[in-house]
Amino acid sequence: MNFKDINIGLMISQRVLECDVDIMRLCKFFSCSSEDILAMYDSKSLDSEILLKWCKILEYDFFRFYSQNLILYSPASGDNRNKKIKKILKCIISEKIFTPGK
């Protein structure tokens, strides 16, 4: 996962496939058309309220991608940065983080 270039629509569409969620269920949950759902899949970013709904229906924290981006790419000084990166990588490896395409 490239935390620097986040395409949340792609990650959502892959999670929908993994969870085998019917598009009609999504339409009902979001009160929208299937075209609107497909447009969300094509979106590089989404409103936080909509993203929160995706987190709920797919039972996955999509906000973690943005948190990881902040941690990895925020400015840090010398030794603190190395410790920070090692800690993050250790957390990523130890958790079962959703990886698109699996």
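Higher on the page you've got the structure.
Description of the structure in this document. All of these numbers come straight from a predicted model, not from anything done at the bench. (Residues numbered from 1 in each chain as written. Predicted model: local features only at pLDDT ≥ 70, side-chain atom pairs only at ≥ 80, totals over all residues. Heavy atoms only, no water.)

### Here we look at the state of the cysteines
According to the stated counting rule, one finds 0 disulfides in the structure shown. Lacking any disulfide linkage, Cys-27 is separated from the closest cysteine sulfur, that of Cys-32, by 5.3 Å. Residue classification places Cys-27 among the buried residues on the basis of a relative accessible area of 8%. (Disulfide = S-S within 2.5 Å. Buried < 20%, exposed > 50% of the residue type's maximum accessible area, 1.4 Å probe, protein only.)

### Points about the packing of helix α2 (residues 23-30) against helix α4 (residues 48-58)
Two elements in contact, α2 and α4, have axes separated by 11 Å at closest approach and are oriented at 135°. What the angle tells us is that α2 and α4 run oblique. The way α2 lies across α4 gives a crossing that is right-handed. From α2, Arg-25, Leu-26, Phe-29 and Phe-30 reach across to α4, where they touch Ile-50, Lys-53, Trp-54 and Ile-57. Of the residues contributing to the contact of α2 with α4, the split by class is 6 nonpolar, no polar and 2 charged. (Axes fitted to C-alpha atoms, helices over the stretch in contact; angles between N-to-C directions. Helix = DSSP H or I, 4+ residues; strand = E, 2+ residues; numbered from the N terminus. Parallel < 35°, antiparallel > 145°, perpendicular 65-115°, else oblique. Left-handed = near helix turned anticlockwise from the far one by under 90°. Contact = heavy atoms within 4.5 Å. Nonpolar A, V, L, I, M, F, W, Y, C, P; charged D, E, K, R; others polar.)

### Concerning helix α3 (residues 34-42)
Since the α-helix advances by 3.6 residues per turn, residues separated by three or four positions end up pointing in the same direction. Every buried residue of α3 is accounted for by Ile-37, Met-40 and Tyr-41. Across the axial projection of α3, the buried residues extend over an arc of 105°, all falling on one side. Turned more than 90 degrees away from the buried face of α3 sit Glu-35 and Asp-42, all of them exposed. Contacts from the buried residues of α3 go to α1 (8-19), α2 and α4. (Arc of directions from axis to C-beta.)

### Overview of the nonpolar core
Counting 21 residues, the largest nonpolar core has Ile-12, Trp-54 and Phe-62 as the members making the most contacts within it. Residue assignment for this core shows that the elements contributing at least two residues are α1, α2, α3 and α4. When residues of this core are assigned to their parent elements, the largest contribution, 5 residues, is made by α4. When near neighbours in sequence (up to four residues on either side) are disregarded, Ile-12 contacts Tyr-41, Leu-46, Leu-51, Trp-54, Leu-58 and Phe-62. (Core = buried A, V, L, I, M, F, W, Y, C linked by side-chain atoms within 4.5 Å.)

### Quick word on the packing of aromatic side chains
The description of an aromatic ring pair rests on the distance of the ring centres and on the angle between the ring planes. Counting across every chain of the model gives 5 aromatic pairs. Taken together, a centroid distance of 4.6 Å and an interplanar angle of 40° make the contact between Phe-30 and Trp-54 tilted. Here Phe-30, found in helix α2, pairs with Trp-54, found in helix α4; they are 24 residues apart in sequence, far enough to count as distant. Ring geometry for Tyr-41 and Trp-54: centres 6.0 Å apart, planes at 45°, overall tilted. Linking Tyr-41 in helix α3 with Trp-54 in helix α4, this pair joins segments that are 13 residues apart in sequence. (Phe/Tyr/Trp six-rings, centres within 6.5 Å; stacked < 30°, edge-to-face > 60°.)

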